[in-house]
Amino acid sequence: MRYKILTCGEGAVTVEFSRKINSRAGAAAISLAGQLRQQNAAGICEIIPTYRSVTLCYDPLKISYKELKRLIASCVRHPRAAAQDEESVRRFYIPVCYGGPFGPDLEYLAQRSGLDPREVVRRHISREYPINMIGFLPGFPYLSGMDASIAAPRLENPREKIPAGSVGIGGNQTGIYPIASPGGWRLIGRTPVRLYDPHRDPPVLYRAGDRIRFYPVSEQEYREIEAAVSAGTYAVRTEAV
C-alpha cells in the first residue's frame, strides 16, 4: 500500500497511508504498528497508530532516519512477515449500566432516532467495535462500526465534568471516558471498569486494534462490579480473536 513519511522534528515521523479516514488505511496502520512492536527495534521509543497513520517516536542516536525508513518499507512490503501471536488482537467485554443518572442522554437519543430507549441500548450492544485509535485522554478508545440509526451530534456546549467510565456517542462513533474530564459526547451509560490506571502495567487496558463488546448490567450489578474493581478482585472478560 502506498504511504508517505512525514518528519516530526528530529525524533519522530508519521507514516501516513491516506489523507482521509478509510478502512484500508486503518488496517495498514494497525498492521504496521503491530509488526514494529513485535520486532522491538532498538531506538523506537513509542508507536502511536491512528485512523490512517502511525507516528513513531525514536532515538536518532540508536536508529538513524535512513534505517527507520528501511524498516518501515520492509514492514509495509511484507505485512505478514511478522506473524501475530494469539494475544495480538483481543476482545474485551465491558459491562455498562445504561440510562438514568449513568446515561443522561439516552432519552434524547431515543427521541431523536424515534426508538424506544431499550431499542437504542439493544442496537448499541449488538455490534462489536474495533478500537481504531486511542487519544484525547489516556485510554479513550475511538470505536467504529456503530449502528448509524443511533448516531447523534456532539453537545453544542460540552459538559465541564464527565464521570470516569461514561459511555458516549459522538457523531457515528462511540467511546468511553476513562477518567473524569470535560467532554461533549452524548452519554448513554457508564461502566465501573477501570480502563486507565497509572499504577497498572500496562496502564491502559487495551490497545488500538483490539475490539470491544458492551453488555448491559443493572445498577445493583454495576455497584457489585464497582466494589470488586476497588478491591482489586475484578477481571475483565477477555479473549483472543
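Residues numbered from 1 in each chain as written. Predicted model: local features only at pLDDT ≥ 70, side-chain atom pairs only at ≥ 80, totals over all residues. Heavy atoms only, no water.

Colleague: I'd like to hear about the domain arrangement of the protein, residue by residue, with values.
Modeller: The domains assigned to the protein are domain 1 (4-77) and domain 2 (90-240). Summarising the inter-unit geometry, the C-alpha centres of domain 1 and domain 2 are found 29 Å apart. Listed as interface residues are five residues of domain 1 and, on the opposing side, seven residues of domain 2. Together, the buried faces of domain 1 and domain 2 total about 560 Å²; carbon and sulfur atoms form 63% of this surface. Together, I30, R37 and Y51 form the three largest contributors to the area buried by domain 1 at its contact with domain 2, with a combined 75%. If you look at where domain 1 meets domain 2, you find zero salt bridges. For the pair domain 1 and domain 2, the interface holds one residue pair in polar contact (both at pLDDT 80 or more). A class-by-class count of the residues in the side of domain 1 that touches domain 2 yields three nonpolar, one polar and one charged. (Domains from an automatic or database assignment. Contact = heavy atoms within 4.5 Å. Buried area = accessible area lost by both parts, 1.4 Å probe. Salt bridge = Lys/Arg side-chain N within 4 Å of Asp/Glu carboxyl O. Polar contact = N/O pair within 3.5 Å; in protein donor to acceptor, adjacent residues only side chain to side chain. Nonpolar A, V, L, I, M, F, W, Y, C, P; charged D, E, K, R; others polar.)

Colleague: Any chance you could break down the environment of S218 for me, citing the residues and the numbers?
Modeller: By the secondary structure assignment, S218 is in the loop between β13 (211-216) and α5 (219-231). A relative accessible area of 35% means that S218 is categorised as partly exposed. Between the C-alpha atoms of S218 and M146, which are 72 residues apart in sequence, the distance is 22 Å. (Helix = DSSP H or I, 4+ residues; strand = E, 2+ residues; numbered from the N terminus. Buried < 20%, exposed > 50% of the residue type's maximum accessible area, 1.4 Å probe, protein only.)

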